Structures are given as structure tokens and as C-alpha cells.
Amino acid sequence: MTYRTTIEKKPTFKKTLMRLGRHERVVRTIEAIRDISFDVPHGTVLGIIGVNGAGKSTLMRSVAGILPPTSGRIEVHGRVSTLLALGVGFKGDMTGRENVVLGGLAAGLSREQLDEKYEEIAEFAELGEFMDLPMRTYSSGMYGRLAFSVAVNLEPDILLIDEALSVGDARFKEKSFDKMHELCASAGTILFVSHGLRALRKLADEVIWLHKGEIAMRGEPREVSEAYKQFLDLREDDVADEDV
Amino acid sequence: MNTVAERSETGTFATEVHVYEPHKVGLPPLGTYLRQLWRRRGFAFELARSDLRGKHYNTAFGQLWLILNPLFLGLVYFGLVEIIGRGGGSIEFLAHLLLALFAFRMVSGSVGQGARSVVGGGKLILNTAFPRTLLPLSSVLTCFFLFLPTAAVYAVVHVVAGLPVTPQILWGIPIIAMMVVFAAGAAMLVAAVQVYFRDLTNFLRYMLRIWLYASPILYYASQVPEKYQPFLYANPLYPPLTALSESVNFGHTPSAGLLVASLGWAVGAVIVGGVFFISREREFAVRL
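What counts and what doesn't
- Residues numbered from 1 in each chain as written.
- Chains lettered and ligands numbered in written order.
- Predicted model: local features only at pLDDT ≥ 70, side-chain atom pairs only at ≥ 80, totals over all residues.
- Helix = DSSP H or I, 4+ residues; strand = E, 2+ residues; numbered from the N terminus.
- Buried ≥ 20, exposed ≤ 12 C-beta atoms within 10 Å, placed from the backbone.
- Contact = placed C-beta atoms within 7 Å.
- Rg over C-alpha atoms; globule rule 2.2 N^0.38 Å.
- Axes fitted to C-alpha atoms, helices over the stretch in contact; angles between N-to-C directions.
- Parallel < 35°, antiparallel > 145°, perpendicular 65-115°, else oblique.
- Left-handed = near helix turned anticlockwise from the far one by under 90°.
- Nonpolar A, V, L, I, M, F, W, Y, C, P; charged D, E, K, R; others polar.
- Pairing = 2+ DSSP bridges.
- Core = buried A, V, L, I, M, F, W, Y, C linked by C-beta atoms within 7 Å.
- Domains from an automatic or database assignment.
- pLDDT = per-residue confidence, 0-100.
- Expected span 1.5 Å × (residues − 1).

A. Geometry of the overall build of chain A. Helix and strand counts for chain A come out as 9 helices and 9 strands. Sorting the 244 residues of chain A into buried and exposed places 42% on the buried side. Considering only residue pairs separated by 6 or more positions, chain A has 70% of its internal contacts joining residues 24 or more positions apart.

B. Region of the structure containing the overall build of chain B. Each helix and strand counted, chain B has 11 helices and 2 strands in total. The order of α-helices and β-strands along chain B, N terminus first, is β-β-α-α-α-α-α-α-α-α-α-α-α. The globule rule puts the C-alpha radius of gyration for 288 residues at 19 Å, and the 21 Å found for chain B is close to it. Projected onto its principal axes, the C-alpha positions of chain B cover 70 × 45 × 35 Å.

C. Geometry of the packing of helix H4 (residues 111-125) of chain A against helix H5 (residues 140-153) of chain A. Residue and element names in this part refer to chain A. H5 packs onto H4 with a crossing angle of 140° between their chain directions and a minimal axis gap of 9 Å. As summarised for this structure, H4 and H5 are arranged oblique, according to the angle between their axes. The two elements H4 and H5 cross, and the hand of that crossing is right-handed. Touching Lys 117, Glu 120, Ile 121, Phe 124 and Ala 125 of H4 are Arg 145, Leu 146, Ser 149, Val 150 and Asn 153, all from H5. Its residues assigned to classes, the contact of H4 with H5 shows 5 nonpolar, 2 polar and 3 charged.

D. A look at the sheet that holds strand S8 (residues 206-211) of chain A. All names here are of chain A. The strand order S5-S6-S7-S3-S8-S9 describes an open sheet built from 6 strands, whose pairing is mixed. A single partner strand is all that each edge strand has here, and the edge strands are strand S5 (80-83) and strand S9 (214-219). Along the sheet, successive strands turn relative to each other by an average axial angle of 15°, direction set aside. The pairing of S5 with strand S6 (residues 158-162) spans 4 bridges and is classified as parallel. Counted as the bridge partner of Ser 81 is Leu 159 from S6.

E. Local environment of the nonpolar core. If you look at the biggest cluster of nonpolar residues, it comprises 128 residues, and the most contacted ones within it are Leu160(A), Ala103(B) and Ala183(B). With 16 residues, helix H4 (residues 91-119) of chain B is the single largest residue contributor to this core. For Ala103(B), the contacting residues outside a window of four places in its chain are Ile176(B), Met179(B), Leu241(B) and Leu244(B).

F. Main features of the domain arrangement of chain B. As assigned here, chain B comprises domain 1 (1-29) and domain 2 (40-287). A separation of 36 Å is found between the C-alpha centroids of domain 1 of chain B and domain 2 of chain B.

G. Structural detail: the pairing of strand S3 (residues 45-49) of chain A. All names here are of chain A. The element S3 is largely enclosed, with a buried count of 5 among its 5 residues. On S3, burial covers both faces: Val 45, Gly 47 and Ile 49 on one face and Leu 46 and Ile 48 on the other are all buried. As defined by bridge partners, S3 adjoins strand S7 (residues 189-193) across 4 bridges and the pair is classed as parallel. Across the sheet, Ile 48 pairs through a bridge with Val 193, a residue of S7.

H. Expanded view of the packing of helix H3 (residues 60-84) of chain B against H4(B). Residue and element names in this part refer to chain B. Relative orientation of the contacting elements H3 and H4 amounts to 130°, with a least axis distance of 10 Å. Taken together, the axes of H3 and H4 are oblique relative to one another. Crossing angle aside, the handedness with which H3 passes H4 is right-handed. The segment H3 lies against H4, with Pro 70, Leu 73, Gly 74, Tyr 77 and Phe 78 engaging Leu 94, Leu 97, Leu 98, Leu 101, Phe 102 and Arg 105. In terms of residue class, the contact of H3 with H4 is built from 9 nonpolar, 1 polar and 1 charged.

I. Main features of unusual backbone geometry. Residue and element names in this part refer to chain A. Although it is not a glycine, Glu 126 sits at a positive phi angle of roughly 55°. Position of Glu 126 relative to the elements: it lies in the loop between H4 and H5. For Lys 212, which is not glycine, the phi dihedral falls at a positive 50°. Judged by the 14 C-beta atoms lying within 10 Å of it, Lys 212 falls in the partly exposed class.

J. Quick peek at helix H3 (residues 96-106) of chain A. Burial runs high along H3(A): 10 of the 11 residues are buried. Considered for burial, the residues of H3(A) that qualify are Gly96(A), Glu98(A), Asn99(A), Val100(A), Val101(A), Leu102(A), Gly103(A), Gly104(A), Leu105(A) and Ala106(A). Looking at the buried positions of H3(A), the neighbouring elements they touch are H4 and H5 of chain A together with helix H2 (41-54) and helix H5 (122-127) of chain B. Just downstream of H3(A), Gly108(A) is the residue with a positive phi angle, here 100°.

K. Region of the structure containing the environment of Tyr33(B). Residues and elements named next belong to chain B. Position of Tyr 33 relative to the elements: it lies in helix H1 (residues 30-39). When the 18 C-beta atoms within 10 Å are taken as the criterion, Tyr 33 is described as partly exposed. Each C-alpha atom of the pair Tyr 33 and Gly 268 lies 19 Å from the other, and the pair is 235 residues apart in sequence. Setting aside residues no more than four positions away along its own chain, Tyr 33 makes contact with Pro 28, Pro 131 and Ile 278.

L. Region of interest: the environment of Asp132(A). Residues and elements named next belong to chain A. In this structure, Asp 132 sits in the loop between H4 and H5. Overall, Asp 132 belongs to the exposed group, with 12 C-beta atoms counted inside 10 Å. The spacing of Asp 132 and Leu 197 is 65 residues in sequence and 37 Å in space, taken between C-alpha atoms. Contact partners of Asp 132, with chain neighbours within four places excluded, come to Thr 95 and Arg 97.

M. Examining the confidence of the model for chain B more closely. Of the residues in chain B, 92% reach a pLDDT of 70 or more, and the chain-wide mean stands at 85. Mean pLDDT across the secondary structure elements of chain B bottoms out at strand S1 (residues 2-4) of chain B, with 38, and peaks at helix H7 (residues 172-196) of chain B, with 95.

N. View of helix H6 (residues 134-160) of chain B. When the terminal C-alpha atoms of H6(B) are compared, their 40 Å separation across 27 residues agrees well with the 39 Å that a helix rising 1.5 Å per residue should span. Looking one or two residues beyond H6(B), the residue adopting positive phi is Gly162(B), at roughly 75°.

O. Seen up close, the environment of Ala95(B). All names here are of chain B. Within the secondary structure, Ala 95 is located in helix H4. Judged by the 23 C-beta atoms lying within 10 Å of it, Ala 95 is buried. Expressed as a C-alpha distance, the spacing of Ala 95 and Leu 200, which sit 105 residues apart in the sequence, is 33 Å. Apart from residues no more than four positions distant in its own chain, Ala 95 is found in contact with Val 157, His 158, Ala 161, Leu 163 and Asn 249.

Structure representation (C-alpha cells):
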């Protein structure tokens, strides 16, 4: 998946005119994902690891349909729920409740489905009255809890999680892990990106190691994480293992 | 994006299948896109509703405030025209001015708000796959709902001015509808361009102001001197605004030429704006 992006933060007419005179090019072509081909059977929990910039988030977004591929084909059977690093809230001025409703509607849920699910989501997130306060008043942990709650409670067939496993306080973390186990057990498919190798070993059936847009290795969690650790020349201690 | 959505009876395994393939010539298969768009129309309405709630649309005082602003603006313009001495200062002219102004603001508001809709929707665009056209369309919905109470105010002025209440007033409905469609196309166009040129909103401020003066709002179209008439015809809002004036203000059936021109502009805007937006929308996620 190749995309063009500009290295200017805020492209404007003025800058474009200035650039034209100097024949500069600020649009970069980035080959985020080169040649990848893989199948994930239903009910698999797939972990994805790789160094920063390897293409993991792009891969997740492609599977979610947010970034269509420039070549090739992606086939997804089932309803996808995403928990991508930036979370659910998109308008800080609106309340948690409004953001959840909007997020659900944007994801294609009907009003009835959303009404049903809303109570469960609110309960799981345990935000209490904060649901009716603007999201800009939330702490980042609260934000993450709501996002996680939305993603897992929509009864997805396929759950995509991008580096968002470590949200919330210890109690919420426990709850999340339990919920993840539940989802794994109910034959749901989970794809998750994590830098916490222990989480990968605990939860994943299989792990893919992505490097520079290609699959470097695919196999059992223990094997792949060992190879990955060796590649990165990491020390044998807890830092790499934990999702701190 | 192709989606076939059916759930099996037990509901355990959805047989929804999504297939993502590169778009040929930038446009995704339109049938599916439009179906997806229709399916998520609740989102556009809900977003408009939240926006209006933020503007206190659902309270009496909120609505009052939303009416007073354009009403005062209209009165100021009326006063200005009186001083310059061209408008004639009659209450019929005030009625014409108000109606045209309110309808114009519906379109200009859609364009202004629409321009910010995509760049302002950053996180949602990055996290969820949905037809991005819902964002500018929700701006159009908001502005349409803001137009409704002002239309009620106009009705009062119409009666007070003693203008004829004829069945011709019903022409106002299709004309406004065409203006809404035009606004949708324009909103989509500027929303997409804004992603590439972030200072578009700065230019838009001036362009919308000039557009206001170039439309037959502060004057009647018939008052425009010969040499400026061509500029008038080049204005996409000239046909609908004039037709609106003819039918609602003065009770004549609007001329077919004006109606056809309004329709043409509306359809053209949606096609141009829509195609431009939809063919570029997958780039938004990487450009925001």
C-alpha cells in the first residue's frame, strides 16, 4: 500500500506558489506495505509486532477499510470493530454519549442496535456521570477506557486493536483482558498490534512480524518474539515484555 | 468497497463480506458507495443535531438568537440600501431582501461550514471506515435547519407587508430544494479542496461576501444595468433567487428558464463536487 503525503504540516496556496517558483517537491511517496499476503481464519488471535514504522498501523487501517490498498485485494468476512490508537472521541466539545452515538452511527449501526448497546458500553467503561460531560474534560485514561469499551461491546466478528491494550487502571486492565479472552473464546477473530511481548505470548495464537512493509516471520508467539528480541538485541528483562 | 450484509438466523456468524480493492480512476463503485451512504444517513442527521444543540437550537431563546442575527443583518442592509437610495425603501423590498438573504445564507453557511467539516473530523476519519461525504452533507443539513426558523420570520413579514398569498408560493419548495442540492455539491467541493489548501477558508470569507453582493439580494435583478447583466447570469444563485422572488414575493409563476437553470446548477454542482470529493476521499486519512 503506497500513499502520497505532504511533508508540510499545513499546505496553503501561498506556500504552493512559493514552491512553484523554486521547483521544490514536498510530496513524498511512502511505500508503507510492499508485498504481503496472508490469511487469518475465523477465531484466530493474531498478534502483529514490528519496529516503529514497519507498517503495522497501515496494515490495520487497510483491513478496517480506512486506507484502501493501491494494489492487491483485501477480503474481510464479518463485522469489524476497531480500536486504533487514537480512540473514539472526535469532537472534544461533545459529550461521551454523543461521541459514542456518532461513532456507532458512522460505523454503520442502526439506531436500535445502538440504543441496545449503549447501556452495556457505558457500564463497561465505568465512567458514570462523565458520559454526559464533554470529552475534553476526560483524562487520557478515561478516553482510552471509553474507546475500548465501545470497540469490544459492539459484538464484532473481527476486532482490530492497535497499541491500545494498556489503557486504564489495573482493575480496568484486568477487565479488558477478561473481555478479550471472552472474545477469543467466542470464536471471534482478533488482530492486535502490541509492543508488549508478554501480552502477545499470553493472548495470541499466532504472531506476524512485520518489517519495512513485509512479513519477516510468521509463527508461534514464543518463537517469533524470541527471534524479534534477538533481532533487536534486547536485554533479558521486563521492559520489553510489559506494555508499560 | 463492496459490502454484502446479511446476518444468519442465529446471528453468530455474520456473512458480511467486505472487499477492498484499488479504485480505478479514483472512483469507487458508486452503487455500493451510495448504498453505504444511505445506510449511515443517521450519522449525518445526528451530527447536525449535535451541532444545532451546541447552538441552542432546541431552546426558545436559542432559536430567538438564531433568528435575530440574520434579521438584524437584513435590517442593516435595508437601511444601507435606503441611504444609497436605490432600493426604494418599501416594505415589499424588505420582504424580498429578507427572503433572498435567508436563502443565500443557507447556501453560504453550508459552504463555509462544509469547508471545515473534513479537516475538523480528523480523528473519526482516521478510525472508522465510512463514506466521508457524510461530513459536508451534515453541514448542509445544519444550515437547512437553521434556515427554517428564518423562513417563519419571513412569513410574518410577508403578511405584514400585505404581499399576495397565492398558490405560487408553493414554488418556493422546489426552489429551496434545488438550492439545498446545490449547497451540497458546493460543500463537498470546498471540503475536499480545504484538505489540500488549508487557507481556503480565509479566501472563502471574501468570496462569500462578494457572492452576496453579486446576487440579487440587496437589489432586484431588473435593476442591474445592461453591462453587468452577464455577471449576473454567471452566478449560480441568480436563477433560484430570482425565481424565489418572483414566486414567493410577488405571486407569479417563475419562468421556466430560471427553473431549468437552477436545476442545471444544482445537478452540476453535485456531480462536480461529489466526484471530486469521492475520488479523493481515501487520501484524507493520510493528509490529516
